[in-house]
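Overview (structure and organization)
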Amino acid sequence: MDTPLFTLAGTATDVRGFVAFLGYSTAVLGFGWLVSRVLRERLTILEAHDRRVTSRFVFWVIAAYGLMGTLARLGLDLSAPLMNASGLHVSVLNLVTFATFVATVLIGSNLVRKLSEQTFLTRLEPGVRYAISRILYYVMLCLGLLAALQTVGLELSSLTVAVGALSVGIGFGLQNIVNNFVSGLILLFERPVQVGDWIEVEGTSGRITQIGARSLTVVTGDNISILVPNALCLSSQVTNWSHGDPKVRLRVPVGVAYGSDMDKVERVLLEVARNDTHALKDPEPLVLFNEFGDSSLNVELAVWIDIRESKLRKVRSDLNFAINRAFARESIEIPFPQRDLHLRSSEVPLGPARA
């Protein structure tokens, strides 16, 4: 029983020690599985995906530190330095602690962000709530990663050389990434656009669903997600249909034939607007007589809608369908372009008569 089976890192292990190692490892893995299972079932405050991620993370933390504990019982010194240069103390224990710290920061920051949006920030507007939670996430992430560097003995003062070297790369190759990240912070602080706003930029229109570190996600009316760089929203002209007030006025132009009863046209158009479920009653819809066109009398139906609950193209299409049906029912003619063609005949002089 005392005969060494193998030697690991200068430490001889016999049968008894190996059996004890297997027993402790099995107990640790079983305990980690049990804890992760309980967390997955009990953490109902989290979403299903977050519960899975948290439970798996707890399992691997218990497994890693448990296995290191069993290896220490065999006489292995996991705190022995693997590399020690310029005050940087790196060992197996430090590496595992560093990885655990980083994973804790990443998962914890994300959970705090989501829980803050769902609990004590619920009284705020959606855009403000998203901005505060996202800024809180970035602050916790930066502070946590800086603290994680301390676990391997890396002082902040020693980062100056690395930062100086990275600044050259940032100036040349990473300037777009840094520009988009800083632009994202400006969007979160200044809030010219917010999550839930309907915007139009560079020919792309849709509703903002997320403002990330590099880009914001715009979902169009066709449910297509388009990633717009954050810097583009600051350097280009952006039309925000719901900035400040979600009520916007939609204008639907239509032409009627000359000789039409314009009072009747106005009455029919207002009736169409009042029957539309998306048109607001306050402010009231309005009919504008714009001009005497070449082939038609051009009018415009202006209705107010709530951009948060309505889609511009859908509302415009519904109004056009309703106007076409109402005009056909009321015998109001929608003309097509007409041109009068006048032909002039002219006498062509004949040549000299032949003999």
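No experiment lies behind these values; they were computed from the predicted model shown.

**Topic: the sheet that holds strand 9 (residues 238–240)**
Strand order in the open sheet formed by five strands is 8-7-6-5-9, and the pairing between neighbours is antiparallel. Looking at the sheet topology across the chains shown, the edges are occupied by strand 8 (225–229) and strand 9. In this sheet, adjacent strand axes meet at a mean angle of 40° when their direction is disregarded. Of the pairings in the sheet, the one linking strand 5 (residues 198–201) to strand 6 (residues 204–211) comprises four bridges and is antiparallel in character. Considered in strand 6, the bridge of Val201 is made with Thr204.

**Topic: the pattern of salt bridges**
When charged atoms on two side chains of opposite charge get close, those side chains can pair. Following the criterion strictly, the structure yields five salt bridges and no others. As a salt-bridge pair, Glu41 and Arg37 come within 3.6 Å of each other at their nearest N and O atoms. Residue Glu41 and its partner Arg37 are located together in helix 1 (residues 15–42), separated by four residues, close to a single helical turn. Judged by relative accessible area, which is 51%, Glu41 ranks as exposed. Residues Lys314 and Asp318 are paired through a salt bridge, measuring 2.8 Å at the closest nitrogen-oxygen approach. Note that Lys314 and Asp318 are positioned in helix 9 (residues 312–329) at a spacing of four residues, about one turn of the helix.

**Re helix 8 (residues 262–275)**
Compared with the 20 Å implied by 1.5 Å per residue over 14 residues, the 20 Å span of helix 8 between its first and last C-alpha is a close match. All of the buried residues along helix 8 are Met262, Val265, Val268, Leu269, Leu270, Val272 and Ala273. The N-capping residue of helix 8, defined by a side-chain oxygen 3.2 Å from the backbone nitrogen of Asp263, is Asp261.

**Description of unusual backbone geometry**
Following Asp282, the chain continues to Pro283 via a peptide bond in cis, the omega torsion being 5°. Its identity as a non-glycine residue notwithstanding, Asn223 has a phi of 65°, on the positive side. Summarising the element assignment, Asn223 is placed in the loop between strand 7 (215–219) and strand 8. Although it is not a glycine, Ser331 adopts a positive phi angle of roughly 60°.

**Things to note about the layout of surface pockets**
Approximately 340 Å³ is the volume found for the largest pocket. Lining the largest pocket are 14 residues, with Glu125, Pro126, Asp197, Ser242 and Arg308 sitting closest to its centre. When grouped by side-chain class, the residues that make up the lining of the largest pocket number three nonpolar, six polar and five charged. For the second largest pocket, the calculated volume is near 240 Å³. Forming the walls of the second largest pocket are Trp198, Glu200, Ser205, Thr220, Gly221, Asp222, Trp241, Lys311, Leu312, Arg313 and Lys314. The set of elements that each furnish at least two residues to the lining of the second largest pocket consists of strand 5 and helix 9.

**A word on the pairing of strand 6**
Linkage of strand 5 to strand 6, two consecutive antiparallel strands, is achieved through a turn of two residues, within which Glu202 is found at a positive phi near 55°. With four bridges joining them, strand 6 and strand 7 adopt antiparallel strand pairing. Directly across from Ile211, in strand 7, lies its bridge partner Leu216. Connecting strand 6 to the antiparallel partner strand 7 that follows it, the hairpin turn spans three residues.

**Considering the sheet that holds strand 10 (residues 247–256)**
Across the sheet, three strands lie side by side as 10-12-11; this open sheet has antiparallel pairing. Single-partner strands in this sheet number two, and they are strand 10 and strand 11 (286–292). Pairwise comparison of adjacent strand axes, ignoring direction, gives a mean angle of 25° for this sheet. Helix 8 contacts strand 10, strand 11 and strand 12 (297–306) of the sheet and is inclined by roughly 20° relative to strand 12. Relative to the sheet, helix 9 contacts strand 10 and strand 12, its axis offset from that of strand 10 by approximately 35°.

**Looking at the environment of Val287**
For Val287, the location among the structural elements is in strand 11. Beyond its immediate stretch of four places on either side in the chain, Val287 contacts Glu266, Leu269, Leu270, Glu300 and Leu301.

What counts, and at which threshold
- Residues numbered from 1 in each chain as written.
- Predicted model: local features only at pLDDT ≥ 70, side-chain atom pairs only at ≥ 80, totals over all residues.
- Heavy atoms only, no water.
- Pairing = 2+ DSSP bridges.
- Helix = DSSP H or I, 4+ residues; strand = E, 2+ residues; numbered from the N terminus.
- Axes fitted to C-alpha atoms, helices over the stretch in contact; angles between N-to-C directions.
- Salt bridge = Lys/Arg side-chain N within 4 Å of Asp/Glu carboxyl O.
- Buried < 20%, exposed > 50% of the residue type's maximum accessible area, 1.4 Å probe, protein only.
- Expected span 1.5 Å × (residues − 1).
- Polar contact = N/O pair within 3.5 Å; in protein donor to acceptor, adjacent residues only side chain to side chain.
- 1 Å grid on protein atoms, 1.4 Å probe; cavity = no way out; pocket = protein on both sides within 12 Å on 5 of 7 lines; lining within 4 Å.
- Points joined across faces, edges and corners; volume = space filled by probe spheres on them.
- Nonpolar A, V, L, I, M, F, W, Y, C, P; charged D, E, K, R; others polar.
- Contact = heavy atoms within 4.5 Å.

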